[in-house]
Amino acid sequence: MESRPFKILGIEHIGIATDSLEGIENIFSEILGIKHTGQEEVIDQKVITDIYDTGLGKLEFLKATADDSPVAKFLDKKGKGMHHVALKVDNLSAALIYLENKGIELIDVAPRIGAEGLSIAFLHPKSTGGVLIELCEVK
């Protein structure tokens, strides 16, 4: 087996597209007892994130802030539900080079800043069995 210049360290979060954040905190924080770590607007992605940390991975609820946002387009096509899986990696830049060399189509050819200030990049679902994958560098 060939050596990779990066390691997958686990699941960072599951992204869930929704048209409303109303009631989410009641269910996930108050009833289920999952720690609500915050809500933030990621302006360049035209989305509000609402994040809950289970201790072993997070749930990230995504609400579009504009009709032309990727999340709004997803909701129009597929409706509410799982939007992406985010994996923790130890070296995002090396991962992107390696994956591109392996023929994986990249949405982001270079890392950018996402929610919670993480360095992120997305892989196109055409190359990943239909699943949108986000890679997050953990420092």
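Above this text sits the structure in question.
Given the structure is predicted, the values throughout are model-derived calculations rather than measurements.

1. Quick look at the packing of aromatic side chains
With the rule as written, the count across this model stands at four aromatic pairs. Relative to Phe61, the ring of Phe28 lies with its centre 4.9 Å away and its plane at 55°, an arrangement referred to as tilted. Pair noted here: Phe28 is in helix α1 (residues 24–31) and Phe61 is in strand β4 (residues 58–64), with a separation of 33 residues, a long-range link. With a relative accessible area of 18%, Phe28 lands in the buried category. Classification of Phe61 by relative accessible area gives buried; the value is 4%. Consider the rings of Tyr52 and Phe61, whose centres lie 5.9 Å apart with planes at 80°: the pair is edge-to-face. Among the aromatic side chains, those forming a connected cluster through ring pairs are Phe28, Tyr52 and Phe61.

2. Focus on the layout of surface pockets
Space inside the largest pocket adds up to approximately 800 Å³. The wall of the largest pocket is formed by 32 residues, among which Pro70, Val71, His83, Ile107 and Leu132 lie closest to the centre. Elements represented by at least two residues in the lining of the largest pocket include exactly β1 (8–17), β3 (47–53), β4, α2 (70–78), β5 (81–89), β7 (119–123) and β8 (133–137). Sorting elements by how many residues they give to the lining of the largest pocket places α2 first, with six residues. Classifying every residue of the lining of the largest pocket gives 16 nonpolar, seven polar and nine charged.

3. Quick look at the side chain of Ser69
Relative to the helices and strands, Ser69 is located in the loop between β4 and α2. Residue classification places Ser69 among the buried residues on the basis of a relative accessible area of 0%. If we ignore the near neighbours within four places in the chain, the residues touching Ser69 are Gln45, Lys46 and Ala64.

4. Some details on the side chain of Asp50
Considering the arrangement of structural elements, one finds Asp50 in strand β3. For the buried Asp50, no salt bridge is present, and the opposite-charge side chain at shortest range is Lys63, 11 Å distant. A distance of 2.9 Å separates polar atoms of two side chains, one belonging to Asp50 and the other to Tyr52. Those residues in contact with Asp50, other than ones at most four positions away along the chain, are Leu21, Ile24, His36, Gly38, Gln39, Leu59, Glu60 and Phe61.

Scoring rules and cut-offs
The numbering scheme is per chain: residues are counted from 1 as the chain's sequence reads. It should be noted that, the model being predicted, local features are given only for residues of pLDDT at least 70 and side-chain atom pairs only at 80 or more, the latter also being counted only at that level, while totals for whole chains, interfaces and linings use all residues. With hydrogens and water excluded, all non-hydrogen atoms of the structure serve as input to the side-chain values. Note on ring pairs: Phe, Tyr and Trp rings are taken, using the six-membered ring of Trp, and paired if centres are within 6.5 Å. Classes follow the plane angle, with under 30 degrees stacked, over 60 edge-to-face and the rest tilted. Numbering of helices and strands starts at the N terminus; helices are DSSP runs of H or I of at least 4 residues and strands are runs of E of at least 2. Only protein chains enter the accessibility calculation, which uses a 1.4 Å probe; a residue whose area is less than 20% of its type maximum is buried, one above 50% is exposed, and one in between is partly exposed. A cavity here means a set of points on a 1 Å grid, drawn over the protein atoms and nothing else, where a 1.4 Å probe fits but cannot get out; a pocket is an open set with protein on both sides within 12 Å along at least five of seven lines, and a residue lines either one if it has an atom within 4 Å of a point. Grid points are joined across faces, edges and corners, and a volume is the space filled by probe spheres set on the points. The nonpolar class holds Ala, Val, Leu, Ile, Met, Phe, Trp, Tyr, Cys and Pro. Asp, Glu, Lys and Arg form the charged class, and all remaining residues, Gly among them, are polar. Contacts between residues were defined by any pair of non-hydrogen atoms, one from each residue, lying within 4.5 Å. Only four residue types enter the tally: Lys and Arg on the positive side, Asp and Glu on the negative side; His and the chain ends are excluded. Here, a salt bridge means any Lys or Arg side-chain nitrogen found within 4 Å of an Asp or Glu carboxyl oxygen. Within 3.5 Å is the distance limit for a polar contact, defined as a pair of N or O atoms, with the added protein rule that one can donate a hydrogen and the other accept it, and that residues adjacent in sequence qualify only through two side-chain atoms.

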